[in-house]
Amino acid sequence: MESLAFHSDSLGDTEEFLNSNYTRMRIGTSTGVAVRTDITRKMLGPVSLDDLDLSFDMKYDAQPLGKICLCEVDSGSIEENYADGTTDFFQPGELGLLTPPDLPYSGVVHHARYRITMFDPALLTRVAAASPEHDLEPVRLTGHRPVSAVAAKHLSDVLGHMRGVAADPVASETPLIASTAVQYLAATVLHTLPSTAHLDPTASDRNDAHPDTVRRAVAYLEAHVCEDISVADIAAASYVSARALQLAFRRHLDTTPMAYLRRLRLRGAHEQLRDFSPDDGHTVTSIAAAWGFAHPGRFATAYRGAYGRPPHTTLSA
């Protein structure tokens, strides 16, 4: 699990750190308050989860970040100036997109404690891929606030889940757990922030949502159950758009492709629980993690629902 920590009372050192770990920027302060900067970072796959605490008002003028940057404010406020000339304030309890990834940005962090979550914008396109071609227009976020209060709460909950997984050394180092969490985050961003992604099926998608699509998709899922795959990967292997794939699974199996994948992984965990022994050092938690299940309690609930018994009874049988 990669991590970093920075603590300083020097404005110059803070600027150097920000330039090295975020993007090129100039910072300053005019309040006369002593400078104190505390920043920590944990990584979950390609996603960075940072906690920042600035004890002063920091003005900044920065180059494009090149990342989706989600911001949640705990205390203080962040004044963000956008390229279109507008300004917004992130207050305690609020979250949203701090800055578009491809535009310069500026503003003031007003004595704030806040969290930022950053990842490559390409993850959004991967999750939302509308067709199997590879020359799609990249998905862009078109606004910096969640579409509703309910959406904001959902996004906040998912970001909290990401931090919980990142803080668990076993879960964060397990490839399937990290990849599943990252895809879930990207999908949540698309459903909670305005974007150019087209999530509703077209007439062509409805025509493609036939049993052959499901058959090809299921064959691909069974062959790649242990790999980091997305809806876009499954759709490409099925020669349809992601929307058509989702519709086909709802229409013919009353589920989603990723839920079906979780079912296959649950079956894989069941087979290992049945075949392995605790005498060899295997545990329910380690087996569940290997199959992408980060939360032991939720895994136990899902397992009991599918197999009618707690997972530890299968392992020790």
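Before going into details, it helps to say that this report is about the structure given with it. This is a predicted model, so every value here is computed, not measured.

### Details of the state of the cysteines
Each disulfide is one covalent bond, formed between the sulfur atoms of two cysteines.
Alright, step 1. Inspection of the entire model under this criterion finds zero disulfides.
Alright, step 2. Of the cysteine sulfurs around Cys69, a residue in no disulfide, the closest is that of Cys71, at 6.6 Å.

### Some remarks on unusual backbone geometry
Glycine aside, residues mostly have negative phi, and peptide bonds are mostly found in the trans state.
Alright, step 1. A positive phi is found at His111, a non-glycine position, where the angle reads about 45 degrees.
Alright, step 2. Residue position: His111 is located in strand S9 (residues 105–119).
Alright, step 3. For His111, a relative accessible area of 47% gives the class partly exposed.
Alright, step 4. We note that Asp254 has phi near 55 degrees; this positive angle belongs to a residue other than glycine.
Alright, step 5. Tracing the backbone through its elements, the reader meets Asp254 in the loop between helix H9 (242–253) and helix H10 (257–275).

### With respect to the packing of H10 against helix H12 (residues 296–307)
Alright, step 1. The N-to-C vectors of H10 and H12 enclose an angle of 85 degrees; their axes lie 11 Å apart at closest approach. Relative to H12, H10 is oriented roughly perpendicular. Here H10 contributes Leu266, Arg267, Ala269, His270 and Leu273 to the contact with H12, which in turn contributes Phe299, Ala302, Tyr303, Ala306 and Tyr307.
Alright, step 2. A per-class count over the contact of H10 with H12 returns eight nonpolar, one polar and one charged.

### So, the pairing of strand S3 (residues 37–44)
Alright, step 1. In this structure, strand S1 (residues 3–8) lies alongside S3, joined through six bridges in antiparallel fashion. Counted as the bridge partner of Phe6 is Ile39 from S3.
Alright, step 2. Inspection of the sheet shows S3 paired to strand S4 (residues 47–54) by eight bridges, in the antiparallel sense. Looking at the pairing, Thr37 lines up with Leu54 of S4.
Alright, step 3. Between S3 and S4, which follow one another and run antiparallel, lie two residues, and Gly45 among them has a positive phi close to 60 degrees.

### Section: the packing of aromatic side chains
Alright, step 1. Scanning the entire structure with this criterion turns up six aromatic pairs.
Alright, step 2. Between Phe6 and Phe17, the aromatic rings sit 4.3 Å apart at their centres with planes inclined by 15 degrees, giving stacked as the arrangement. Here Phe6, found in strand S1, pairs with Phe17, found in helix H1 (residues 11–21); they are 11 residues apart in sequence, far enough to count as distant.
Alright, step 3. For Phe6, a relative accessible area of 13% gives the class buried.
Alright, step 4. Residue class for Phe17 comes out buried when judged on its relative accessible area of 12%.
Alright, step 5. What links up through ring pairs into an aromatic cluster is the set Phe293, Phe299, Tyr303 and Tyr307.
Alright, step 6. Across the ring face of Phe90, the terminal group of Arg145 is positioned such that the distance to the ring centre comes to 4.5 Å.

Cut-offs used in this document
Residues numbered from 1 in each chain as written. Predicted model: local features only at pLDDT ≥ 70, side-chain atom pairs only at ≥ 80, totals over all residues. Heavy atoms only, no water. Disulfide = S-S within 2.5 Å. Helix = DSSP H or I, 4+ residues; strand = E, 2+ residues; numbered from the N terminus. Buried < 20%, exposed > 50% of the residue type's maximum accessible area, 1.4 Å probe, protein only. Axes fitted to C-alpha atoms, helices over the stretch in contact; angles between N-to-C directions. Parallel < 35°, antiparallel > 145°, perpendicular 65-115°, else oblique. Contact = heavy atoms within 4.5 Å. Nonpolar A, V, L, I, M, F, W, Y, C, P; charged D, E, K, R; others polar. Pairing = 2+ DSSP bridges. Phe/Tyr/Trp six-rings, centres within 6.5 Å; stacked < 30°, edge-to-face > 60°. Lys NZ or Arg CZ within 6 Å of the ring centre and 35° of its normal.

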